[in-house]
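A structural walkthrough
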Amino acid sequence: MGNSIKVPVVEKLLDANDQVAELNRRLLDEAGVLAINVMASPGAGKTSLILQTLRALSTEFRIAVIEGDTAPVTIDADKVSALGIPAVQINTGGDCHLDAVMLRAGLAQLTLTDLDLIIVENVGNLICPAAFKLGTHRNILVASIPEGDDKPYKYPNMYRGVDVLIINKIDLLPYIEFNMDFFRRGVELLNPGLLTFPLSCKSGEGLQPWFDWLRTEISMRRK
Amino acid sequence: MHELPVTESILSIALKHAQAAGAQRVTDIHIVLGKFSSIVDDSVQFYWDLISAGTICEGARLHFQRLTPRMQCQDCHHEFEVNDILHPCPHCNSFNLTLLSGDEFYLESIEIER
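Below: a short report on this structure. Counting from 1, residues in each chain are numbered in the order their sequence is written. Chains carry letters from A onward and ligands carry numbers from 1 onward, assigned in written order. Owing to the predicted nature of the model, reporting of local features is limited to residues with pLDDT of at least 70; listing and counting of side-chain atom pairs is limited to 80 or more, with chain, interface and lining totals taken over all residues. Hydrogen atoms and water are omitted, and side-chain values are computed over all heavy atoms in the structure.

On to the overall build of chain A, then. The secondary structure content of chain A amounts to eight helices and eight strands. A radius of gyration in this sense is built from C-alpha atoms; the matching globule rule multiplies 2.2 Å by the number of residues raised to 0.38. What you see for chain A is a C-alpha radius of gyration of 18 Å, in line with the 17 Å of a compact globule of 223 residues. In chain A, which comprises 223 residues, the share counted as buried stands at 53%. Any two residues having at least one pair of non-hydrogen atoms within 4.5 Å are treated as being in contact. Of the contacts made within chain A by residues no fewer than 6 positions apart, 75% connect residues no fewer than 24 positions apart. Total accessible area on chain A stands at roughly 9,600 Å², and carbon and sulfur atoms take up 51% of it. Counted charges follow a simple rule, with Lys and Arg positive, Asp and Glu negative, and His plus the chain ends left uncounted. Here the site of a charge means atom NZ of a Lys, CZ of an Arg, CG of an Asp or CD of a Glu. Averaging the positions of the 22 positive and the 27 negative side-chain charges in chain A gives two centres separated by 2 Å. Secondary structure elements follow DSSP: runs of H or I no shorter than four residues count as helices, runs of E no shorter than two count as strands, and numbering proceeds from the N terminus. Any residue under 20% of the maximum accessible area for its type is buried, any over 50% is exposed, and the rest in between are partly exposed; the area is computed with a 1.4 Å probe on protein chains only. Surface accessibility follows the Shrake-Rupley procedure with a 1.4 Å probe radius. Residue values consider only the protein chains on display as shielding.

Below, the discussion takes up the sheet that holds strand 4 (residues 79–81) of chain B. Backbone hydrogen bonds hold the strands of a sheet together, and the pairing may be parallel or antiparallel. Residues and elements named next belong to chain B. When DSSP finds two or more bridges between two strands, those strands count as paired. Spatially, the three strands line up as an open sheet ordered 4-3-5, and their pairing is antiparallel. Because the sheet does not close on itself, it has two edges, and the strands there are strand 4 and strand 5 (97–101). The mean inter-strand angle of the sheet, taken between neighbouring strand axes irrespective of direction, is 35°. Pairing analysis gives three bridges linking strand 3 (residues 70–73) to strand 4, with the strands arranged antiparallel. Within the sheet, the bridge partner assigned to Met71 lies in strand 4 and is Phe80. Comment: axis = line fitted to C-alpha atoms, over the contacting stretch for helices; angle = value between 0 and 180 degrees taken between N-to-C directions.

This part takes up the interface of chain B and chain A. Taken together, the 33 residues of chain B in the interface contact 28 residues of chain A. Accessible area that two parts lose when put together, with a 1.4 Å probe and added across both, is what the buried area reports. Of the roughly 2,900 Å² buried where chain B meets chain A, counting both sides, 64% is carbon and sulfur surface. Three residues stand out in chain B for area buried against chain A, namely B:His2, B:Leu86 and B:Phe95, and they jointly supply 20% of the buried area on that side. Salt bridges are defined as contacts in which a side-chain nitrogen from Lys or Arg sits within 4 Å of a carboxyl oxygen from Asp or Glu. Counting across the chain B and chain A interface gives one salt bridge. The closest approach of N and O atoms between B:Lys16 and A:Glu11, which form a salt bridge, is 3.0 Å. The term polar contact refers here to a pair of N or O atoms within 3.5 Å; inside protein, the definition further demands a hydrogen-donor-capable atom paired with an acceptor-capable atom, and it admits residues adjacent in sequence only when both atoms are side-chain atoms. Summed over the shared surface of chain B and chain A, the number is nine residue pairs in polar contact (both at pLDDT 80 or more). Elements supplying a minimum of two residues to the side of chain B that touches chain A: helix 1 (3–20), strand 1 (25–34), strand 5 and strand 6 (105–113) of chain B. No other element matches strand 6 of chain B, which puts nine residues into the side of chain B that touches chain A. Residues are grouped as follows: Ala, Val, Leu, Ile, Met, Phe, Trp, Tyr, Cys and Pro are nonpolar; Asp, Glu, Lys and Arg are charged; all remaining types, including Gly, are polar. Considered class by class, the residues forming the side of chain B that touches chain A number 18 nonpolar, nine polar and six charged. Relative to strand 6 of chain B, strand 1 (residues 4–12) of chain A runs antiparallel, the two being bridged by seven bridges. Residue A:Val7 lies in a different strand from strand 6 of chain B, and its bridge partner there is B:Ile110.

Residues and elements named next belong to chain B. Centre distance within 6.5 Å is the pairing criterion for rings of Phe, Tyr and Trp, where only the six-membered ring of Trp is used; planes under 30 degrees apart are then read as stacked, over 60 as edge-to-face, and the remainder as tilted. Under the defined criterion, the tally for this structure stands at seven aromatic pairs over all chains. Both rings, one in Phe46 and one in Tyr47, keep their centres 5.6 Å apart while their planes meet at 65°; by these two values the pair is edge-to-face. A residue is classified by how much of its surface remains accessible, and Phe46, at 51% relative accessible area, is exposed. The exposure class of Tyr47 is partly exposed, given its relative accessible area of 24%.

Before going further, it helps to spend a moment on the sheet that holds strand 1 of chain B. Read from one edge of the open sheet, four strands run 1(A)-6(B)-1(B)-2(B), paired in mixed fashion. Because the sheet does not close on itself, it has two edges, and the strands there are strand 1 of chain A together with strand 2 (61–67) of chain B. With direction set aside, neighbouring strand axes in the sheet form an average angle of 20°. By the bridge criterion, seven bridges tie strand 1 of chain B to strand 2 of chain B in an arrangement that is parallel. When the bridges of strand 2 of chain B are listed, B:His30 appears paired with B:His63.

Residue and element names in this part refer to chain A. Residue alternation in strand 4 (residues 87–91) divides its side chains into a buried set, Val88 and Ile90, and an unburied set, Ala87, Gln89 and Asn91. As paired elements, strand 3 (residues 63–69) and strand 4 share five bridges and run parallel to each other. Within strand 4, the residue paired with Ile66 across the bridge is Val88. The crossover handedness rule: strands pointing away from the viewer, path from first strand over the helix to second strand clockwise, crossover right-handed. This β-α-β element, strand 3 to helix 3 (residues 75–82) to strand 4, shows right-handed connectivity.

The next thing to look at is the packing of helix 2 (residues 46–57) of chain A against helix 3 of chain A. Residue and element names in this part refer to chain A. Following both chains from N to C, one finds helix 2 and helix 3 inclined at 10°, their axes separated by 10 Å at the closest point. Between helix 2 and helix 3, the angle falls in the class roughly parallel. Contacts between helix 2 and helix 3 involve Thr47, Leu51 and Leu54 on the former and, on the latter, Asp76, Lys79 and Val80. Taken together, the residues of the contact of helix 2 with helix 3 sort by class into three nonpolar, one polar and two charged. If an angle is under 35 degrees, it is roughly parallel; if it is over 145, roughly antiparallel; if it lies from 65 to 115, roughly perpendicular; otherwise it is oblique.

We now examine the side chain of A:Ser144. Residues and elements named next belong to chain A. Residue position: Ser144 is located in strand 6 (residues 138–144). Here the side chain of Ser144 touches Glu147 through a polar contact of 2.8 Å, side chain to side chain. Apart from the residues lying within four places of it in its own chain, the contact partners of Ser144 are Ala44, Asn168, Lys169 and Phe178.

This is the structure we're talking about:
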């Protein structure tokens, strides 16, 4: 006793999650299907964006949606199913984010080789989903005008880790104090050159470039 | 918050290395955290006391080393620390910056008794 020894470890926490994420990525790549992880605060318009995307692209591509929700409510999944699109509901059991193991369970319910695009709707939260890799190809963040222009400064992790930024509800710009230059400067600090699509899911303005980007991404991965 | 899975990860990594080193007891655990990794120390400690009970890690002290994020200006190559608010390069005022560190999150070492 009293013989204290220091043992060096240097092992990344959440490494187990990252390993499952890599497995997920391999499954998706083998099937030639693009998977995107849609993240946002609650109410930014994740579901609206997904529904608009399904309406525009479901005649061209085979799409499925995986819905992450903290509670066993199927409101979002029901809206997707109403469009005739396969929807898998993952209930996180109160957890604030999806993780790679949960996504793996969701993917197991789909026939990946029958799909071109999987849209994963993460839990509405600007903090936790950023820390958990899923294995999806692209991380999409939906910001919205009513949230305010200071969000990149307050949630730097979320803005740093994404590949695409959607700025939703631009139809509300005349009614809300939102300094677009200040917002974009924060984004540029955290994620230089980030691909950004300002749009409105309600009016339809700006949706076309987002659809075109998705079309290109899907065809790049297709086998 | 997601401190529970994080704490579970700390426990499983610590147990693995403690057993490999033939430990009777783990006394201290050293964790390195960048300030940009959104983890609350007190919350990890709370879960730790619950889930480490009955293992050789029970009662081990958790030490958190918080690293201050560092940025580098891509125009003048000046390196500086970022405390709370993001700001332009203090040397040349440029916004063309790259984050060098600040999101580290790993278990650095454990102290054991045999």
